[in-house]
Number of protein chains: 2
Amino acid sequence: MTAPVPGPVLVVGCGLIGTSVALGLRARDVEVHLQDLDPRNVALAVEAGAGTDAVVEAPALVVVATPPAAVVDAVRSALASYPQAVVTDVASVKAPIVEAIDDPRFVGGHPMAGKERSGPTAGSGQLFEGRPWAVVPGAETADDAVALVERCVVELGAVPYRFAPRAHDDAVALVSHVPHLMSVLTASLLAGAPEGHVELAGQGLRDVTRIARSDADLWVDIIGHNAAAIAPLLTQVRDRLDTLIDAIGGDPRSLESLLERGRQGTTTIPGKHGTLPTELASVFVPIDDMPGELSRLVGDAEGSVNIEDLRIDHEMGRPVGLVEIVVLPERADKLLDALRGHGWAAYR
Amino acid sequence: MTAPVPGPVLVVGCGLIGTSVALGLRARDVEVHLQDLDPRNVALAVEAGAGTDAVVEAPALVVVATPPAAVVDAVRSALASYPQAVVTDVASVKAPIVEAIDDPRFVGGHPMAGKERSGPTAGSGQLFEGRPWAVVPGAETADDAVALVERCVVELGAVPYRFAPRAHDDAVALVSHVPHLMSVLTASLLAGAPEGHVELAGQGLRDVTRIARSDADLWVDIIGHNAAAIAPLLTQVRDRLDTLIDAIGGDPRSLESLLERGRQGTTTIPGKHGTLPTELASVFVPIDDMPGELSRLVGDAEGSVNIEDLRIDHEMGRPVGLVEIVVLPERADKLLDALRGHGWAAYR
């Protein structure tokens, strides 16, 4: 799994993902060539050290990172131009692409990496570190083509998960697209709220609505392409919502069973290090809003336990922050004692 | 606003909230007396330093922190027993209580504080630091009673927001109860997911479903009591969901308008220090999963900018963590340069 990726690699499309793939491979000394319909993007990517704009004769691997609508044509063109090359893509919906192409040398791909900004200047060779990357062969895809793409994924620091095309699209609808829409629906209620009502907002609301802040245009595109997988899940949500509306204020057992099903659902999400999902515990620490306080706190905590997660609560009208340190439940008391020993007003 | 709270204060109900109120007041040298139907709870609270179980003759303030179903009787009893006392409560739904009692000396209250654990041993005098606390007078409530309760709230480190009873119940339905149910609905889909689909989960899904992990029993109670305010919001969600199901894969403008309304909704949530909501930017830093690495990173970051929030992404199968440092957008480049200068592989 750790053999180097054979070059040269041709990256077609120098946006955030293409440039990040190129930078990551360059950092591992792979020969990378860059193409983009817009010569300015290529120039920016070259300047960032992502590779060369020189023509490549016979790439071992072509990574198509164009906008979704252009992927099928770009993949077909690459398969025709480079008859020895394995070709992969990075589009977020896979069935329409993989089923349209299905070639022994084509392997669909989808890195689950953040996209807060776009364009070649936002690229980073570390973008894929620790992220899942779906590897999606078609029915005709050759095993060695899949192996080459998985080697590339691992070299970029990502974790490959193999999916059939429709299973992939169902999975991203479930773990990404529908949760996004639920976040948007929740946030949309706030837009018309009477003045002052959101003053009572806590961290829960912030968590549920965080991803609704994303760029609307990008999501219109993503959701439109995966409508076939999203629609049945939304219908399921509507059915459960109807049951909930009937139950509320009436049948506590029906409400309880939904709440319990939700709790069970959260336990299926993989935990840290790919281990089984784990219940976690939180220790809360009020800190002064002064430079150096947070690092002193984190240092005192790290001296005692492994920190699984950490969040800073947004306090209102006071020069103090509330830091939540998330640890394994069996470590919470040890952390509490250690922090109190260092003079922190920690509590669970 | 900073005058000390006159004692003695009687706390009725030594669960998490009652004990925390008592501990917070004791830390400010207020005389606190404790009552609970269960003498073990009083004993535990006394042992924790929350006050005395000695009988009180004439409390200045009575804080009723019993389970919701017992609040109205406990408040009436306190008003009758202590004819000079101001009485407040801490139940999470206010209209049924405030409208049932409406007395010059009664002020409804609702601290927006975490409840991961319960019981007197989970109590903390810091529980309310920086948290909103709804103060809910009835039509007959006297101004000086409201002023006394608000003084107590401020002494406990919380931020008082005054609400009419029904406006309060609408507000918590909007910012807490409905978001909770949306999180539960999203998480409930995962419970029946095909194996392997959640492997592609990212931080977005974790955020949206985090609060669905809470105790189901507690939420059956909370939601049942506020059904009148929750139901119309859920009906609104269903209408928007119907529109969404029709639009998906069909009318991108309708989808885009919902996404845009969601984005606008997120901008109404108050930001840090009670200021206007602010757009924030993230800088990502892969770190080795070794003790001391996180505090070194936070120290390097704090030396350069003010950290608004921080989260540790749960990587899969690799001994490395991805830390997201959230800062004001205009500081992101400065942070990036500073971290790179310290040798971190930071990126945006």
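Bear in mind that the values here come from a model prediction, so they are computed numbers and not experimental data. (Residues numbered from 1 in each chain as written. Chains lettered and ligands numbered in written order. Predicted model: local features only at pLDDT ≥ 70, side-chain atom pairs only at ≥ 80, totals over all residues. Heavy atoms only, no water.)

Draft legend 1. Representation of the overall build of chain A within the structure. Scanning chain A from terminus to terminus reveals 12 helices and 10 strands. Considering only C-alpha atoms, chain A reaches an extent of 65 × 50 × 40 Å along its principal axes. A sequence separation of at least 24 residues applies to 65% of the contacts in chain A between residues at least 6 apart. Here chain A has roughly 13,400 Å² of accessible surface; of this, 52% comes from carbon and sulfur atoms. For chain A, the separation between the mean place of its 28 positive charges and that of its 47 negative charges on side chains is 3 Å. (Helix = DSSP H or I, 4+ residues; strand = E, 2+ residues; numbered from the N terminus. Contact = heavy atoms within 4.5 Å. Areas by Shrake-Rupley, 256 points an atom, 1.4 Å probe, with all protein chains shown as cover. Lys, Arg positive; Asp, Glu negative; His and termini not counted. Charge placed at Lys NZ, Arg CZ, Asp CG, Glu CD.)

Draft legend 2. Expanded view of the interface of chain B and chain A. Opposite the 131 residues of chain B that make contact, chain A presents 131 residues. Buried surface at the junction of chain B and chain A, summed over both partners, amounts to about 12,200 Å²; 66% is from carbon and sulfur atoms. Counting the surface chain B buries against chain A, the share from its top three residues, Leu189(B), Leu200(B) and Arg213(B), is 6%. In this structure, the connection of chain B to chain A is made through 4 salt bridges. The partner of Asp242(B) in a salt bridge is Arg238(A), and the shortest N-O contact between them spans 2.6 Å. Seen at the junction of chain B and chain A, the total is 14 residue pairs in polar contact (both at pLDDT 80 or more). For the side of chain B that touches chain A, the leading source of residues is helix H6 (residues 165–191) of chain B, giving 21 residues. Here the side of chain B that touches chain A is composed, by residue class, of 67 nonpolar, 33 polar and 31 charged. (Buried area = accessible area lost by both parts, 1.4 Å probe. Salt bridge = Lys/Arg side-chain N within 4 Å of Asp/Glu carboxyl O. Polar contact = N/O pair within 3.5 Å; in protein donor to acceptor, adjacent residues only side chain to side chain. Nonpolar A, V, L, I, M, F, W, Y, C, P; charged D, E, K, R; others polar.)

Draft legend 3. Spotlight on the packing of aromatic side chains. All names here are of chain A. Applying the stated rule across the entire model yields 4 aromatic pairs over all chains. For the ring pair Phe 128 and Trp 133, a centre distance of 5.0 Å and an interplane angle of 55° mean the geometry is tilted. The class for Phe 128 is buried, based on a relative accessible area of 0%. (Phe/Tyr/Trp six-rings, centres within 6.5 Å; stacked < 30°, edge-to-face > 60°. Buried < 20%, exposed > 50% of the residue type's maximum accessible area, 1.4 Å probe, protein only.)

Draft legend 4. Structural view of a negative patch on the surface. Where like charges cluster on the molecular surface, the negative patch consists of Asp215(A), Asp217(A), Asp221(A) and Glu256(B). Examined against the element boundaries, Asp221(A) turns out to sit in helix H8 (residues 216–225). (Patch = residues over 30% accessible without salt bridge, like charges linked within 9 Å, V, L, I, M, F, W, Y side chains within 5 Å.)

Draft legend 5. Geometry of the sheet that holds strand S4 (residues 86–89) of chain B. All names here are of chain B. One open sheet holds the 7 strands; their spatial order is S2-S1-S3-S4-S5-S6-S7, and the pairing between them is mixed. The open sheet terminates on both sides in strands that have one partner only, identified here as strand S2 (32–35) and strand S7 (159–162). Here the strands of the sheet are splayed against their neighbours by 25° on average, with no regard to which way each runs. Sheet topology places strand S5 (residues 106–111) next to strand S6 (residues 132–137); 5 bridges connect them, and they run antiparallel. Residue pairing for S6: Pro 111 is matched across the bridge by Trp 133. The sheet strands contacting helix H3 (residues 71–81) are strand S3 (61–64), S4 and S5, and the helix crosses S4 at an angle near 170°. (Pairing = 2+ DSSP bridges. Axes fitted to C-alpha atoms, helices over the stretch in contact; angles between N-to-C directions.)

Draft legend 6. The relation of the copies chain B and chain A, seen in detail. In screw terms, the move from chain B to chain A is a rotation of 180° and a rise of 0.0 Å along the axis, fitting with an RMSD of 0.0 Å. In the structure described here, the two chain copies are related by an operation that fits a two-fold rotation axis. When each C-alpha of chain B is compared by its distance to the rotation axis, Val208(B) comes out closest, at 2.0 Å. A share of 100% of the interface residues of chain B reappears at the interface of chain A, consistent with the copies meeting face to face through the same patch. (Least-squares fit on C-alpha atoms with pLDDT ≥ 70 in both.)

Draft legend 7. A look at the environment of Asp169(A). As for its position among the elements, Asp169(A) is in helix H6 (residues 165–191). Those residues in contact with Asp169(A) that lie beyond four places of it in its chain are Val93(A), Lys94(A), Ala95(A), Pro96(A), Asn226(A) and Ala229(A).

Draft legend 8. Highlighting the pattern of salt bridges. One pass over the structure, following the stated rule, counts 24 salt bridges over all chains. A salt bridge links Arg210(B) to Asp207(A), with the nearest nitrogen and oxygen atoms 2.5 Å apart. One end of the pair, Arg210(B), is in the loop between helix H7 (203–209) and helix H8 (216–225); the other, Asp207(A), is in helix H7 (residues 203–209), on a second chain. When salt bridges that share partners are traced, they join Arg28(A), Glu129(A) and Glu155(A) into one network.

Draft legend 9. Structural detail: the environment of Arg40(A). Assignment of secondary structure puts Arg40(A) in helix H2 (residues 39–47). By relative accessible area, Arg40(A) is classed as exposed at 60%.

Draft legend 10. Focus on helix H9 (residues 227–247) of chain A. The terminal C-alpha atoms of H9(A) lie 30 Å apart, and with 21 residues this matches the ideal 30 Å at 1.5 Å per residue to within 8%. All of the buried residues along H9(A) are Ala227(A), Ala229(A), Ile230(A), Leu233(A), Leu234(A), Val237(A), Arg240(A), Leu241(A), Leu244(A), Ile245(A) and Ala247(A). The arc that holds every buried residue of H9(A), seen down its axis, measures 150°, which confines them to one face. Along H9(A), the residues that are exposed and aim more than 90 degrees away from the buried face are Ala228(A) and Asp246(A). Looking at the buried residues of H9(A), the elements they touch are H6, H8 and helix H10 (252–266) of chain A together with H6 and helix H9 (227–247) of chain B. (Expected span 1.5 Å × (residues − 1). Arc of directions from axis to C-beta.)

Draft legend 11. Local environment of the domain arrangement of chain A. All names here are of chain A. For chain A, the assigned domains read domain 1 (9–163), domain 2 (168–266) and domain 3 (281–341). Placing the centre of domain 1 and that of domain 2 at their C-alpha centroids yields a distance of 32 Å. Across the boundary between the two partners, domain 1 contributes 11 residues, which contact 8 residues of domain 2. The junction of domain 1 with domain 2 conceals about 800 Å² of combined surface from both sides, 70% of it contributed by carbon and sulfur atoms. The largest contributions to the domain 1 side of the interface with domain 2 come from Ser 92, Val 93 and Phe 163, which together make up 47% of the buried area. Applying the counting criterion to the domain 1 and domain 2 interface returns 0 salt bridges. Summed over the shared surface of domain 1 and domain 2, the result is 3 residue pairs in polar contact (both at pLDDT 80 or more). Those elements that provide at least two residues to the side of domain 1 that touches domain 2 are helix H4 (95–101) and strand S6 (132–137). (Domains from an automatic or database assignment.)

Draft legend 12. Broad picture of unusual backbone geometry. Cis geometry is adopted by the peptide bond preceding Pro8(A), which originates at Gly7(A) and carries an omega value of -10°. Here Pro8(A) shows up in the segment before strand S1 (9–12). Positioned with a positive phi, Asp29(B) is a non-glycine residue whose angle comes to about 65°. Relative to the elements of secondary structure, Asp29(B) occurs in the loop between helix H1 (16–27) and S2. Not every positive phi belongs to a glycine, and Asp102(B) is a case in point at roughly 30°. Along the chain, Asp102(B) turns up in the loop between helix H4 (95–101) and S5.

Draft legend 13. Expanded view of the sheet that holds S6(A). All names here are of chain A. Strand order in the open sheet formed by 7 strands is S2-S1-S3-S4-S5-S6-S7, and the pairing between neighbours is mixed. Edge positions in the open sheet fall to strand S2 (32–35) and strand S7 (159–162), since each of these has one partner strand only. Recorded for the sheet is a direction-independent mean angle of 25° between the axes of neighbouring strands. By the bridge criterion, 4 bridges tie strand S3 (residues 61–64) to strand S4 (residues 86–89) in an arrangement that is parallel. Among the inter-strand pairings, Leu 61 is bridged to a residue of S4, identified as Val 86. Along the sheet, H6 contacts strand S5 (106–111) and S6; its crossing angle with S6, the most-contacted strand, is approximately 150°.

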